[in-house]
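Residue-level structure breakdown
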Amino acid sequence: MANELDEMNPVHNDEGRDVGVIEKPLPAKVGFGSTLFEIMLWVLGILPGLIFMFMKINAKNFLQQLQQKIQHDASQIDNYLEQRVIVLQNAAGIVEKAIDLDKDVMKSITALRSGRQLTDEARSEFSNQIDAVSARFNMTVEAYPELKAHAALADAMQQNSYLQKEITAAREVYNDSVMRWNQSIFDWPTKMIVAARAGYTTRIPFTASKVIKEEARKKFF
């Protein structure tokens, strides 16, 4: 039998292929076969049926706990995002006293302090907005080298850089939890049966915006 992917007879795409997250939740579904499987366990005896029933209880507990972990991971991202907005706002105040800071930058930073409650869908967009505002702010500061000597501003910019790294790390943890969830709800029989009957669907991991992707492709050197 020939290899399904044969490098000696390849199909090339000279244009390359970009990747992107498909934002489509997939529901966990089970058919009559799963119901028949459970019936057969009870037919075989009380013990197999009881064992599988307790396995489903454990699966339900596992999925509920995993949901709480995903919420915790998401809240960590929110905390870092909030801290980053505060740092940017403080830094902007310092810069505004020294130069005529772009009013649009100030308005953008102020608008981020809206006390919003982030959903899974909104979190990525909010994070991308902060990245964009931070980039514009950095460009303004770079245009005035004398500002770099300002100790408070240097400290704020360092905090901003640190928080960005923390956000990136927190996104990785969140995405790992989401991947575990997405795999678990299709783990047949116990978890998948529990997930299907509870109406669970896959979750969408963090996604970068089109603007951020385009920026990342630019030549910087």
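Higher on the page you've got the structure.
This write-up is about the structure you can find in this document. (Residues numbered from 1 in each chain as written. Predicted model: local features only at pLDDT ≥ 70, side-chain atom pairs only at ≥ 80, totals over all residues. Heavy atoms only, no water.)

As for the packing of aromatic side chains
The condition that has to hold: Classification of ring pairs rests on two measures: the distance between centres of Phe, Tyr or Trp rings, Trp counted by its six-membered ring, which must be within 6.5 Å, and the angle between planes, read as stacked under 30 degrees, edge-to-face over 60 and tilted in between. For the purposes of this entry, the term helix denotes a DSSP run of H or I that reaches at least four residues, the term strand denotes a run of E that reaches at least two, and both are numbered from the N terminus. Under the scheme applied here, a residue whose accessible area is under 20% of the maximum for its type counts as buried, over 50% as exposed, and between as partly exposed, the area being computed with a 1.4 Å probe on protein chains only. Comment: the charge-over-ring label is applied if NZ (Lys) or CZ (Arg) is within 6 Å of the ring centre and within 35 degrees of the ring normal.
Inspection of the entire model under this criterion finds three aromatic pairs. Judged by centre distance (5.4 Å) and plane angle (80 degrees), the ring pair of Phe37 and Phe52 falls under edge-to-face. Highlighted residues: Phe37 in helix H1 (residues 32-44) and Phe52 in helix H2 (residues 46-98), separated in sequence by 15 residues. Taking the relative accessible area as the measure of exposure, Phe37 reaches 28% and is therefore partly exposed. The class for Phe52 is buried, based on a relative accessible area of 6%. Ring geometry for Phe37 versus Trp188: centroids 5.1 Å apart, planes at 55 degrees, classification tilted. With Phe37 in helix H1 and Trp188 in the loop between helix H5 (151-184) and helix H6 (190-198), this residue pair connects regions lying 151 residues apart in the sequence. An aromatic cluster of at least three residues, connected via ring pairs, comprises Phe37, Phe52 and Trp188. We note Lys191 situated over the ring of Phe62; from NZ or CZ to the ring centre the distance is 5.0 Å.

Considering the environment of Lys24
Quick note on the threshold: The contact criterion used throughout is that any non-hydrogen atoms of two residues lie within 4.5 Å.
Mapped onto the fold, Lys24 is located in the segment before H1. Taking the C-alpha atoms as reference points, Lys24 and Arg203, separated by 179 residues in sequence, lie 8.4 Å from one another. Among residues more than four places away in sequence, those in contact with Lys24 are Thr202 and Ile204.

Overview of H6
Counted residue by residue, H6 has seven buried out of nine residues, so it is predominantly covered. Within the sequence span of H6, burial applies to Thr190, Lys191, Met192, Ile193, Val194, Ala195 and Ala196. Just past H6, the residue Gly199 takes up positive phi, approximately 75 degrees.

Describing the nonpolar core
Selection criterion: What is meant by a nonpolar core is a set of buried Ala, Val, Leu, Ile, Met, Phe, Trp, Tyr and Cys residues, joined one to another through side-chain atoms within 4.5 Å.
Judged by nonpolar contacts, the single largest core of 34 residues is most densely connected at Leu63, Phe137, Leu153, Trp181 and Ile185. Breaking this core down by element, the ones donating at least two residues are H2, helix H4 (120-142), H5 and H6. Element by element, the count of residues in this core is highest for H2, at 15 residues.

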